[in-house]
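Residues per chain are reported as follows:
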Amino acid sequence: MTTQKEVLSILDEVLSLKGRSSGFSSSTPLLGAMPELDSMAVVALLTSLEDRFGFSVDDDEVDGATFATVGSLVDFVEQKLGA
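(A) Molecular detail of the packing of aromatic side chains. Evaluated as defined, the whole model comprises 1 aromatic pair. Ring centres of Phe53 and Phe55 lie 6.1 Å apart, and the angle between their planes is 5°; this geometry places the pair in the stacked category. Take Phe55: its relative accessible area is 11%, and that puts it in the buried class.

(B) Expanded view of the packing of helix 2 (residues 39–53) against helix 3 (residues 70–82). At a minimum axis distance of 12 Å, the contact between helix 2 and helix 3 shows a crossing angle of 40°. Relative to helix 3, the element helix 2 lies oblique. For the element pair helix 2 and helix 3, the recorded crossing hand is right-handed. Across from Leu45, Leu46, Leu49 and Phe53 in helix 2, the residues of helix 3 making contact are Leu73, Phe76, Val77 and Leu81.

So, how was this worked out
Residue numbers here run from 1 along each chain, matching the order of that chain's written sequence. Confidence filtering applies because this is a predicted model: local features only for residues at pLDDT of at least 70, side-chain atom pairs given and counted only at 80 or more, and all residues used for totals across whole chains, interfaces and linings. Only hydrogens and water are set aside; all other atoms, that is, all heavy atoms of the structure, feed into the side-chain values. Within 6.5 Å between ring centres, the rings of Phe, Tyr and Trp (the latter by its six-membered ring) count as paired, and their orientation is classed by plane angle as stacked under 30 degrees, edge-to-face over 60, tilted in between. To sort residues, take the accessible area from a 1.4 Å probe on protein chains only and compare it with the maximum for the residue type: under 20% means buried, over 50% means exposed, and anything in between is partly exposed. Each axis is a line fitted through C-alpha atoms, and for a helix only the stretch in contact is used; angles between axes span 0 to 180 degrees, taken between their N-to-C directions. Secondary structure elements follow DSSP: runs of H or I of four or more residues count as helices, runs of E of two or more count as strands, with numbering from the N terminus. Should an angle fall under 35 degrees it is called roughly parallel, over 145 degrees roughly antiparallel, and 65 to 115 degrees roughly perpendicular, with every other angle called oblique. For a crossing to be left-handed, the near helix must be turned anticlockwise from the far one by less than a right angle; the clockwise case is right-handed. When checking whether two residues touch, look at their non-hydrogen atoms; a contact exists if any pair is within 4.5 Å.

Next comes the structure, spelled out in structure tokens:
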């Protein structure tokens, strides 16, 4: 499974999107565009990403740009995996 597919699966699960993420592309906007993605959901999403991919995220590593689009979130995960 590609990183993007795994990230979309986690988004779908954490935000209870009921499969809507399957239509998302790299340019799909997230933060500010999806009412489901509030501050509590960001925390749950980060926790799920850490659990699924086996990395940890420090508070100072994350900002709004990380969650701007599906692509920016996938890029963040791939950077963490490569670190």
